[in-house]
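# Per-entry structural report
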Amino acid sequence: MLPALIPIIPFISAFLLMLGWKRLSRIATAVLGCGSIGLAALVAVIIAIQFAGNAEQAVVQHATNWVLAGTFQAGIDFRLDALSVVFVLVITVVGFLIHIYAAGYMHDDPDYARFFACMNLFVGAMLTLVMADNLLLLYFGWEGVGLCSYLLIGFWYKDPANGYAARKAFIVTRVGDTAMAIGLFMLFQYAGTLNIPDILGKSPQLWTTGAPVVTIIALLLLGGAVGKSAQLPLQTWLPDAMAGPTPVSALIHAATMVTAGVYLVARMHVLFELAPLAETITAVIGAITLVLAGFSALVQTDIKRVLAYSTISQIGYMFLALGCGAWSAAIFHFVTHAFFKALLFMAAGAVIVALHHEQRLAKMGGLRKLLPGVYWVFLIGCASLAAIPFVTAGFYSKDQIIWLSLSATHGHVALWLAALLGALLTGMYTFRMFFLVFYGEAKTAMHHRPGKSMMIPLYILAVLSTIAGFVELPHTMGHVTLFSNWLHPVLPEVTVTNDSNAMEWASQAMSALLAIGGIGLAYAWVLLRPKGMSDFLEMPAIDWLRKYWARGWDFDYVYNILLVHPYIHLSRMNRKDLVDKLYTGLATLMQWCHNVLARTQSGLLRWYIMAVVLGAVAVLSVLIWRIYI
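Just so you know, the residues in each chain are numbered from 1, in the order the chain's sequence is written. Reporting in this predicted model follows two pLDDT cut-offs: at least 70 for local features of residues, and 80 or more for side-chain atom pairs to be given and counted; totals over whole chains, interfaces and linings ignore these cut-offs and use all residues. Computation of side-chain values: all heavy atoms of the structure, hydrogens and water removed.

## A word on the pairing of strand β2 (residues 72–80)
Under the convention used in this document: The buried label goes to any residue with under 20% of its type's maximum accessible area, the exposed label to any with over 50%, and the partly exposed label to all in between, with areas taken from a 1.4 Å probe on protein chains only. Note on conventions: DSSP H or I runs of at least 4 residues are helices, E runs of at least 2 residues are strands, and numbering of each starts at the N terminus. Pairing between strands is defined by DSSP: at least two bridges between the two strands are required.
Burial analysis of β2 places 7 of its 9 residues in the buried class, which makes it a mostly covered element. Alignment of strand β1 (residues 59–69) against β2, held across 9 bridges, turns out to be antiparallel. Note on β2: the bridge partner recorded for Gln 61 is Phe 78. Count of turn residues in the β1/β2 antiparallel hairpin: 2 residues, of which Gly 70 carries a positive phi of about 65 degrees.

Quick look at the structure:
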């Protein structure tokens, strides 16, 4: 019964918060909202400890039958194996820390209980997604997190901009979800089942490598993954999703939902191995996304939008690893990214609260001495994101991807160069943000110092962002493979075509030097020669390029011109079509009948008596006619 408890506990707490949100005190709300996720995390840790003794064996718990239609069967079945245990631990543990942080961050919000209800509903849906034993239940969780992202991005719904951002996230991700749904239909048509182990076992017998059908199915599943994980060309929703509260950004848009696409591709790895074209496209999408998002992050003026584009870029690294066949490397970066990106979002939230909800980088500065605790945890998060060599978790996970993008079976020098360019950009945009926030002159007075409920989770995540990388060390630095060994029963080992230690050292040195070089450029940009850099950025060509990157390479503009505006125009033209006229006519007829009947309600007693008499005469006449005729 323990596996099923992990998603059930958040669902129950969300239901109770929805029922009693007007009656529960803030303390009771916080205890129920945070305590339920903490309990789910405790159950997950206990199961993981038990599972560690026999990681080769998956545990499947059948809760109940869900769909029985002809030959199709789908139950509510929860599966725990090496891959799902990793995701469950990250979702529950990081989610619990974010909930503790949110208890302090959202304390003054009038919709306190509604916030935790939506957060817990999201956690339950995400756990259902990663624990599902069949693709129908996975799709249920997939759509559940989409719904919750809409509710949480638009949580402050009184601002029209927040409602727009929520609708945009919902609609854009639906494009990918539709592709994924078609892929599931095709899988059932050819495999006769949506049970994940059965599909993975049957696929090599059903299709040869490169078969058109399996390639199409893999590409459709990739479409779903691209939408949910905000990769090209469906990445436009994530920067606007920063309209939600900062704990939402930390939970949904850093640690969990946006990595659902990574989980889907990794879980269905057999299909992608049978479809080399889909695998190559996955790597190319990841490489292009990480570079384009890195340039956009470099010129953002809002602290949360810098982190949003950073998230898109780092997930691009994960897709690059998946496309190169480095399955465990992608999941390893998912884990470290969950730690340091949740840390950065939450630390940014502490800065925003301290500056009375100011998010513009131009209005920040000089917080190093005013917020020393936030300064140090922010520095640790930035160091891990920029992959400072040897002492950060981000270095070991990102370095592994950079090396395998060249040396793995599906690696290529172009992919490697893109990954290295991403390392340079990451160092630049990360420490540009850091220097603007904590150094220089203070431009906004500090109004509030974050409390313990906000700082304690930051300290824990800072520790994890430092030590988590040591579970997987490269050949050149000790060759520790604890993490990849853990995932070996589920994910195949990467095949390396070039295992030269000298080449690996060279790749590591280049990525480290580029990361440090990016930090140096950021230092020169912000602190050493700000006037010269300002004059450079104001040059017409550079200013145009900076604004172009800041607008996200104008993807929104292109989509509006090609898709949104024509659709709206056609909708307005078609506003009075035949179908609308039928429904309008029906409504008009009902209104006319209402008016006729309303006139009979005159209030005059003689008219009511006459109506009763006439009705009685009519009824008697019909009865007499039926008897004698």
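More follows now that the structure is in view.
## Focus: the packing of helix α15 (residues 327–354) against helix α17 (residues 393–407)
Rules: To get an axis, fit a line to the C-alpha atoms, keeping to the stretch in contact for a helix; angles then go from 0 to 180 degrees between the N-to-C directions. Orientation labels follow simple angle bins: below 35 degrees gives roughly parallel, above 145 gives roughly antiparallel, 65 to 115 gives roughly perpendicular, and whatever is left gives oblique. Left-handed describes a crossing in which the near helix is turned anticlockwise from the far one by less than a right angle; the clockwise case is right-handed. Note on contacts: a residue pair qualifies if any of its non-hydrogen atoms lie within 4.5 Å across the two residues. Classification used: nonpolar for Ala, Val, Leu, Ile, Met, Phe, Trp, Tyr, Cys and Pro, charged for Asp, Glu, Lys and Arg, polar for all others including Gly.
The contact between α15 and α17 brings their axes to 9 Å, and the two run at 150 degrees. Between α15 and α17, the angle falls in the class roughly antiparallel. Crossing of α15 against α17: the hand is left-handed. For the pair α15 and α17, the contacting residues are Ala 329, Phe 332, His 333, Thr 336 and Phe 340 in the first and Ala 393, Gly 394, Tyr 396, Ser 397, Lys 398, Gln 400, Ile 401 and Leu 404 in the second. Classifying every residue of the contact of α15 with α17 gives 7 nonpolar, 5 polar and 1 charged.

## Focus: a nonpolar patch on the surface
Rules: Within the patch definition used here, like charges are joined within 9 Å and nonpolar side chains (Val, Leu, Ile, Met, Phe, Trp, Tyr) within 5 Å, considering only residues with over 30% relative accessible area and no salt bridge. The accessible surface values rely on the Shrake-Rupley method and a 1.4 Å probe; as for residues, cover is taken only from the protein chains in view. By definition, a salt bridge exists where a carboxyl oxygen of Asp or Glu is found within 4 Å of a side-chain nitrogen of Lys or Arg.
On the surface, Leu 578, Val 579, Leu 582, Tyr 583, Leu 586, Leu 589, Met 590, Trp 592 and Val 596 cluster together into a nonpolar patch covering about 980 Å² of accessible area. One can find Leu 582 in helix α25 (residues 578–600).

## Brief notes about unusual backbone geometry
Of the consecutive residues Leu 232 and Pro 233, the connecting peptide bond is found in the cis state with omega at 5 degrees. Positionally, Pro 233 belongs in the loop between α8 (212–228) and α9 (237–240). Of note in this structure, Ala 230 is not a glycine but carries a positive phi near 55 degrees. Of note, Ala 230 is situated in the loop between α8 and α9. Given a relative accessible area of 0%, Ala 230 falls into the buried group. For Ala 387, which is not a glycine, the phi torsion comes out positive at approximately 65 degrees. Mapped onto the secondary structure, Ala 387 falls in the loop between α16 (372–386) and α17.

## Thoughts on the pattern of salt bridges
Counting across every chain of the model gives 14 salt bridges. The salt bridge partner of Asp 133 is Arg 79, with a shortest N-O separation of 3.4 Å. Taken together, the positions of Asp 133 in the loop between α4 (112–131) and α5 (135–153) and Arg 79 in strand β2 put the pair 54 residues apart, joining distant regions of the chain. Given the relative accessible area of 5%, Asp 133 is considered buried. Close ionic contact of Arg 305 with Asp 240 constitutes a salt bridge, the shortest N to O distance being 3.3 Å. Of this pair, Arg 305 sits in helix α14 (residues 303–323) while Asp 240 is found in helix α9, placing the two residues 65 residues apart along the sequence.

## Here we look at the packing of aromatic side chains
Keep this limit in mind: A pair of aromatic rings is counted whenever rings of Phe, Tyr or Trp (Trp by its six-membered ring) have centres within 6.5 Å, and the orientation is called stacked for planes under 30 degrees apart, edge-to-face for over 60 and tilted otherwise.
Within the structure shown, the criterion is met by 34 aromatic pairs. Geometrically, the ring pair formed by Phe 295 and Trp 549 is tilted, given 4.6 Å between the ring centres and 35 degrees between the ring planes. Of this pair, Phe 295 sits in helix α13 (residues 276–298) while Trp 549 sits in helix α23 (residues 540–550), placing them 254 residues apart in sequence. For Phe 295, a relative accessible area of 18% gives the class buried. An aromatic cluster is built from Tyr 375, Trp 376, Phe 378, Phe 431, Phe 434, Phe 435, Phe 438, Tyr 439 and Tyr 523, whose rings are joined through pairwise contacts.

## Observations concerning empty space enclosed by the protein
For clarity, the threshold we go by: A cavity here means a set of 1 Å grid points, computed over protein atoms only, where a 1.4 Å probe fits but cannot escape. A pocket is an open set with protein on both sides within 12 Å along at least 5 of 7 lines, and lining residues have an atom within 4 Å of a point. Grid points are joined across faces, edges and corners, and a volume is the space filled by probe spheres set on the points.
For the coordinates displayed, the defined rule picks out 2 cavities of 30 Å³ or more. The calculated volume of the largest cavity comes to roughly 40 Å³. Looking at which element gives the most residues to the lining of the largest cavity, the answer is α17, with 4 residues. Taken together, the residues that form the lining of the largest cavity break down as 6 nonpolar, 1 polar and 2 charged. Looking at the lining of the second largest cavity, the elements that each hand over two or more residues are α2 (26–52) and α3 (82–105). Its residues placed into classes, the lining of the second largest cavity shows 8 nonpolar, no polar and no charged.

## Re a positive patch on the surface
Worth spelling out the cut-off: In summary, the charge assignment counts Lys and Arg as positive and Asp and Glu as negative, without counting His or the chain termini. To locate a charge, take NZ of a lysine, CZ of an arginine, CG of an aspartate or CD of a glutamate.
A surface patch of positive charge is lined by Arg 572, Arg 575, Lys 576 and Lys 581. Of note, Arg 572 is situated in helix α24 (residues 555–573).

## Thoughts on the side chain of Lys 228
With respect to the helices and strands, the residue Lys 228 is situated in helix α8. If we skip the residues at most four places from it in the chain, Lys 228 touches Trp 142, Val 145, Gly 146, Arg 174, Asp 177, Trp 237, Met 257, Val 258 and Ala 260.

## Side note on the packing of α3 against α4
At a closest axis distance of 10 Å, the pairing of α3 and α4 adopts a crossing angle of 170 degrees. On the basis of the axis angle, α3 is roughly antiparallel to α4. Each of Ser 84, Phe 87, Val 88, Ile 91, Thr 92, Ile 98, His 99, Ala 102 and Ala 103 in α3 lies in contact with α4, whose residues at this interface are Tyr 112, Phe 115, Phe 116, Met 119, Asn 120, Val 123, Met 126, Leu 127, Val 130 and Met 131. Tallied by class, the residues present in the contact of α3 with α4 amount to 15 nonpolar, 4 polar and no charged.

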